[in-house]
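In case you want the letters, here they are:
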Amino acid sequence: MDDLYAKFLPQFVKLARARVDSALTTVTRRDHAATALIVRELHSLAGEAGLLGLSDVIPLARDGEQKAKQLELSRAEADAGALVSALRRLERAIESIATMDRSSEPPDG
Amino acid sequence: MAITNRGRFIVRAEIRSSKDTVISYGFDLTSTSIFVVTEWHAAIGTPVSLRLSFPRILEPIDIAARISDIRIAGEPGEPGGIRLAFDAGAGEVGARLAALLERVNAPIAMSSPEDRPCRVLLVDDSWLIRDMFAYGTAQFFERPGALAVDHAEDAEQAWGKLASSTYDLVIIDYFLPSEDGASLIARLRRDRRLAHTPIVAISVGGRDAREATLSAGADVFVDKPLVFRDLFNTLRMLAERRERARPVADRKAILVFDDSPFALALTRAALESAGFEVAIAEDLSSFERQRMTFDPDLILVDVQMPEAFGDDIASTLRGWHGVQVPIVLVSSLDQCELERRAERAQASGYICKGEGMTELVRRCRELLEVAR
């Protein structure tokens, strides 16, 4: 299973970055299609993180998903702000994983 | 447990007299005679050469016979035709007929849950015919999963399904929008992979439709209105001849349905390295195709998907299609919510994605062990 994680972790990081970037770009739109897209991206991200056992990422992705659902209901500026904050926390968690993954690679030479 | 046979068996009948050759269908087969639906007739006592056949059920039998009775068409469901009495002293032919009749009249044995369903494609643009077929299937087959019926509304849709799936029988209505049933049948017969698929043509078009579809290559033509019990009895016999499923113990095949390509790739890699045979599907179309052709022993289905919720898919597979293999919901939903959905959908269980791949693999082993 370790080989599997080693193979799929870089792919997850790349995909997760794309999902979070998409959500951050879309959050300014506030229409139903936009928030629905964000909900889907974060739900998928939570699932993918779960399959890899990334316990730090899962609750952050779920939190983002809930914030997106709240924004869909309220369309309020404050909720948009809360969502962006959640996405930034998620972004940092993903970068932390990317850093750990790079540091586990064998040194050159 | 056995149930009483209901209905007659439909068979292709080719009649050759000194002047004519007629191809039609027959039923009410006994050891001494058969009724053949046809507009052709000659005098009572006229000798004919009769060939009876049906793909995968009845190898052609050639019998000498004579016209013993003529019936004019009556009410719908009472077709006109001739009764042909077999000449005495049929010898080996008589023995083969007797063996066939023994099978036809034998009580219907309850098929095993491990048996692969008999797969039928019904091509008819009438939703009511499709519903009647579905209803009749549920009434006739004791085990819901014994017959798996797929539908197409027109020739193009049918062709799409035939290109991606395998069927034990195709039932084609003659009157279809755009391209008629005879044209579709001819196309099927020209295709190397599909050329030997048993085809039953159906229609209200009578003789013209019969001649067109049989000429195109249909094995049997049956007039509408359909006598469903006769058709299903024939399907039952076809189902007995299909290739039986491999024993569960020899095969550990899992079909995974998820709209995330990453989740699919990871899950497949993990399950394959654990020794399972895996197929994946990213959308409904590929899922249904894989389900029919891959014939999985276990189905894992994600819940939150764009085309449909996984629990709705699971409950439809269970309740409508009678799928017996374990179906498991896999999701990052909250555990309580996932458990509730799985129970409501009659799923075999659920797996939280948050528990990781090791747990997913363990649960799959456990479920397949229980299913044996």
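Described in the following lines is the structure provided in the data block.

The rules behind the values
- Residues numbered from 1 in each chain as written.
- Chains lettered and ligands numbered in written order.
- Predicted model: local features only at pLDDT ≥ 70, side-chain atom pairs only at ≥ 80, totals over all residues.
- Heavy atoms only, no water.
- Helix = DSSP H or I, 4+ residues; strand = E, 2+ residues; numbered from the N terminus.
- Buried < 20%, exposed > 50% of the residue type's maximum accessible area, 1.4 Å probe, protein only.
- Contact = heavy atoms within 4.5 Å.
- Areas by Shrake-Rupley, 256 points an atom, 1.4 Å probe, with all protein chains shown as cover.
- Buried area = accessible area lost by both parts, 1.4 Å probe.
- Salt bridge = Lys/Arg side-chain N within 4 Å of Asp/Glu carboxyl O.
- Polar contact = N/O pair within 3.5 Å; in protein donor to acceptor, adjacent residues only side chain to side chain.
- Arc of directions from axis to C-beta.
- Axes fitted to C-alpha atoms, helices over the stretch in contact; angles between N-to-C directions.
- Parallel < 35°, antiparallel > 145°, perpendicular 65-115°, else oblique.
- Nonpolar A, V, L, I, M, F, W, Y, C, P; charged D, E, K, R; others polar.
- Pairing = 2+ DSSP bridges.
- Phe/Tyr/Trp six-rings, centres within 6.5 Å; stacked < 30°, edge-to-face > 60°.
- Lys NZ or Arg CZ within 6 Å of the ring centre and 35° of its normal.

So, about the overall build of chain A. Secondary structure summary: chain A contains four helices and zero strands in total. In sequence order, chain A lays out its α and β elements as α-α-α-α. Residues classed as buried in chain A amount to 43% of the 109 residues present. Taking all contacts inside chain A whose residues are at least 6 apart in sequence as the whole, residues at least 24 apart take part in 70%. For chain A, the accessible area works out to roughly 5,700 Å², and carbon and sulfur atoms hold 54% of it.

With that settled, consider the interface of chain B and chain A. With 22 residues of chain B in contact, the opposing surface of chain A contributes 20 residues. Between chain B and chain A the total buried area reaches about 1,600 Å² when both faces are included, carbon and sulfur atoms providing 68% of it. The largest contributions to the chain B side of the interface with chain A come from Phe262(B), Leu266(B) and Ser332(B), which together make up 38% of the buried area. At the junction of chain B and chain A, the tally comes to one salt bridge. With its nearest N and O atoms 3.2 Å apart, the salt bridge here joins Arg40(A) to Asp259(B). In this assembly, chain B and chain A are joined by six residue pairs in polar contact (both at pLDDT 80 or more). Listed by contribution, the elements that provide at least two residues to the side of chain B that touches chain A are helix 7 (261-273) and helix 11 (356-371) of chain B.

The next point concerns helix 9 (residues 310-319) of chain B. Residue and element names in this part refer to chain B. When we look at burial in helix 9, the residues that qualify are Gly310, Asp311, Ile313, Ala314, Leu317 and Arg318. Angularly, the buried residues of helix 9 cover 155° about the axis, an arc narrow enough to put them on a single face. On its buried face, helix 9 sits against strand 14 (253-257), helix 8 (284-294), strand 16 (298-302), strand 17 (327-331) and helix 10 (335-344).

The interhelical angle for the contact between helix 1 (residues 2-26) of chain A and helix 7 of chain B, taken along N-to-C directions, is 180°, at an axis separation of 11 Å. The angle between helix 1 of chain A and helix 7 of chain B places the two elements in the roughly antiparallel class. Contact residues: helix 1 of chain A offers Leu4(A), Phe8(A), Gln11(A), Phe12(A) and Leu15(A), while helix 7 of chain B offers Phe262(B), Ala265(B), Leu266(B), Ala269(B) and Ala270(B). Looking at the contact of helix 1 of chain A with helix 7 of chain B residue by residue, the class counts come to nine nonpolar, one polar and no charged.

Before going further, it helps to spend a moment on the sheet that holds strand 4 (residues 33-37) of chain B. Residue and element names in this part refer to chain B. Spatially, the six strands close up into a barrel ordered 2-3-4-7-6-5, and their pairing is antiparallel. When the angles between neighbouring strand axes are averaged without regard to direction, this sheet yields 45°. Across six bridges, the pairing between strand 2 (residues 11-16) and strand 3 (residues 21-27) is antiparallel. Within strand 3, the position partnered with Arg12 by the bridge is Tyr25.

A separate point is the pattern of salt bridges. Residue and element names in this part refer to chain B. Going through the model one piece at a time under the given rule, you end up with 33 salt bridges over all chains. Between Arg187 and Glu179 there is a salt bridge; the shortest N-O distance is 2.7 Å. Taken individually, Arg187 and Glu179 each receive the classification buried, so the pair is uniform in this respect. Across the pair Asp219 and Arg189 runs a salt bridge whose closest N-O atoms are separated by 2.8 Å. Here Asp219, found in the loop between helix 5 (206-216) and strand 13 (220-223), pairs with Arg189, found in helix 4 (residues 181-190); they are 30 residues apart in sequence, far enough to count as distant. One salt-bridge network, held together by shared partners, links Asp311, Glu337, Arg340, Arg341 and Arg344.

All chains considered together, the criterion is met by eight aromatic pairs over all chains. Summarising the aromatic geometry, the rings of Phe8(A) and Phe262(B) are spaced 5.9 Å apart at their centres and angled 80° between planes, so their arrangement reads as edge-to-face. Note that Phe8(A) is positioned in helix 1 and Phe262(B) in helix 7, a pairing that runs across two chains. According to the relative accessible area criterion, Phe8(A) is buried, its value standing at 3%. The class for Phe262(B) is buried, based on a relative accessible area of 6%. Pairing Phe27(B) with Phe35(B) gives two aromatic rings, centres 5.7 Å apart and planes at 45°, and the pair type is tilted. With a relative accessible area of 9%, Phe27(B) lands in the buried category. On the basis of relative accessible area, Phe35(B) is assigned to the buried category, the value being 6%. Members of the aromatic cluster, each reached through a chain of ring pairs, are Phe8(A), Phe12(A) and Phe262(B). Seen from the ring of Phe35(B), Arg71(B) lies directly overhead, with NZ or CZ sitting 4.3 Å from the centre. Sitting over the ring of Phe276(B), Lys252(B) keeps its end group 5.7 Å from the ring centre.

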